[in-house]
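Working through the structure, step by step
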Amino acid sequence: MMRLPPMALVLLLWAAGLGAAAQFGKISVLFQDLRGIYAGQGEVALGLVVSVVGMVGLVFGTTAGLLVARIGPKRAIVGAMALGAAVSAVQALLPAYPVMILSRVLEGASHLAIVVVGPVLIAQLAPEERRPLAMTLWSSFFGVTYAVLALIAPGIVGWGGAPGLFLAHSGWMVAIGALLWAALPADPPAIRGRMGNVLAQHVQIYASPWLAAPAMGFCFYTFLYVACLTLLPPQTPESHRALMATGMPLVSIAVSLTLGVRLLSRMPAVRLASWGYLAALPGFVALWLFWGHGSGMVLAGFWLSAALGIVQGASFASIPELNRLPEDRARAAGAIAQLGNLGTTTGTPVLAAILAAGGPLALSAVAVLAALAGVAVIGWQARRRQARST
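Notes on the structure follow. Here the structure is a predicted model, which means the values were calculated and not measured. (Residues numbered from 1 in each chain as written. Predicted model: local features only at pLDDT ≥ 70, side-chain atom pairs only at ≥ 80, totals over all residues. Heavy atoms only, no water.)

Describing helix 7 (residues 141–183)
- Here helix 7 spans only 20 Å end to end across 43 residues, well under the 63 Å set by a 1.5 Å rise per residue.
- Residue Gly-160 marks the point of greatest curvature in helix 7, where the axis turns by about 125 degrees; the proline Pro-163 follows within four residues. (Helix = DSSP H or I, 4+ residues; strand = E, 2+ residues; numbered from the N terminus. Expected span 1.5 Å × (residues − 1). Bend = angle between axes of the 7 residues up to and from the residue.)

See the structure below:
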């Protein structure tokens, strides 16, 4: 086995997360190309090429956590990286639409395993004093991937077309998967166990205030954040549109890795998640007040990104804070994947419909209610934990 320092292993796992996020990002970059390749399929069918990966997580998120607890995280993540590499190689052939959809379903399984195993192993491997930084770093993998793809993907596509980007992604998955196989410690026998009744295990997870709390708070984050990233830049005056689109994810990453990590050393992660939601409230109010004014909308968008970035990092940091056993962390991470995909899937269409029907005031009002709901759920779970502990 290749021996690496703990934080080097954390970076390697984060690199696997970048590959998982690129399973979404590569299709976003290539969407116009795919529209030409699959021109006869219609817009709904093309949208399915993007969304089916998230649908797998929405349906099977908690099940994935149970499977990881059974087979062991090393086997799960290395197998997921291999599967991801294989389907990207198939996609480079630009197959017929049914084959492309099947490959995306398989890619959804690969993606789900990576995003469940990543935080479990990072929490296990990172030194205790660096665990908040490590978990916050993991939480940044989506934003970093989209920023990197915005820089390098056009060059790759210009050189090798859509197949070039698919093959580049496949190569990344192979390389990182091989390094993980060589560097990660073997799965402890204690992690392997019986699957049991899947429905009963779902009930057990969502009935537990320790297992379910990170996911229930994270759901409102994905509901709000992904919708803001999608809806706000097109509504911003053209002079400030590019700044809004590129700046929001970068501000979120920067604040979560600096202020967020510092605050995690001073207060529990679940409390910080609540404070993050509360900090977002003035941003939503400012968004309504400055709607249509470029600089004002950008400042409001950056404020929201900063506050919600703190929620993002704190949500992942709460997994090891609330759960000591690796199998419990795997189940909590599976619940995060499931409810996170629920928020991602519903947030943009719901808030887009509200914006179209009621305008900026309705959008801001519903966003404020969603943030307050996040605070309420976190507080409710805290009271449940306290009641069960006494």
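Anyway, onward from the coordinates.
Regarding the packing of aromatic side chains
- According to the stated counting rule, one finds seven aromatic pairs in the structure shown.
- Judged by centre distance (5.2 Å) and plane angle (35 degrees), the rings of Phe-218 and Tyr-221 are tilted. Linking Phe-218 with Tyr-221, this pair stays in helix 9 (residues 213–235), spanning three residues, or about one helical turn.
- With relative accessibility at 8%, the residue Phe-218 sits in the buried group.
- Members of the aromatic cluster, each reached through a chain of ring pairs, are Phe-24, Trp-138, Phe-141 and Phe-142. (Phe/Tyr/Trp six-rings, centres within 6.5 Å; stacked < 30°, edge-to-face > 60°. Buried < 20%, exposed > 50% of the residue type's maximum accessible area, 1.4 Å probe, protein only.)

Regarding the side chain of Arg-385
- Note on placement: Arg-385 falls in helix 13 (residues 326–389).
- No salt bridge is formed by the buried Arg-385; the nearest opposite charge belongs to Glu-321, separated by 6.6 Å.
- A polar contact of 3.3 Å, which involves the side chain of Arg-385, links it to the backbone oxygen of Pro-209. (Lys, Arg positive; Asp, Glu negative; His and termini not counted. Salt bridge = Lys/Arg side-chain N within 4 Å of Asp/Glu carboxyl O. Polar contact = N/O pair within 3.5 Å; in protein donor to acceptor, adjacent residues only side chain to side chain.)

Let's talk about the packing of helix 1 (residues 6–29) against helix 4 (residues 73–91)
- For the pair helix 1 and helix 4, the least separation of the axes is 11 Å and the interaxial angle reads 35 degrees. Both helix 1 and helix 4 take part in a crossing whose hand is left-handed. Between helix 1 and helix 4, the residues in contact are Leu-13, Ala-16, Gln-23 and Lys-26 and Ile-77, Met-81, Gly-84, Ser-88 and Gln-91, respectively.
- Here the contact of helix 1 with helix 4 is composed, by residue class, of four nonpolar, four polar and one charged. (Axes fitted to C-alpha atoms, helices over the stretch in contact; angles between N-to-C directions. Left-handed = near helix turned anticlockwise from the far one by under 90°. Contact = heavy atoms within 4.5 Å. Nonpolar A, V, L, I, M, F, W, Y, C, P; charged D, E, K, R; others polar.)

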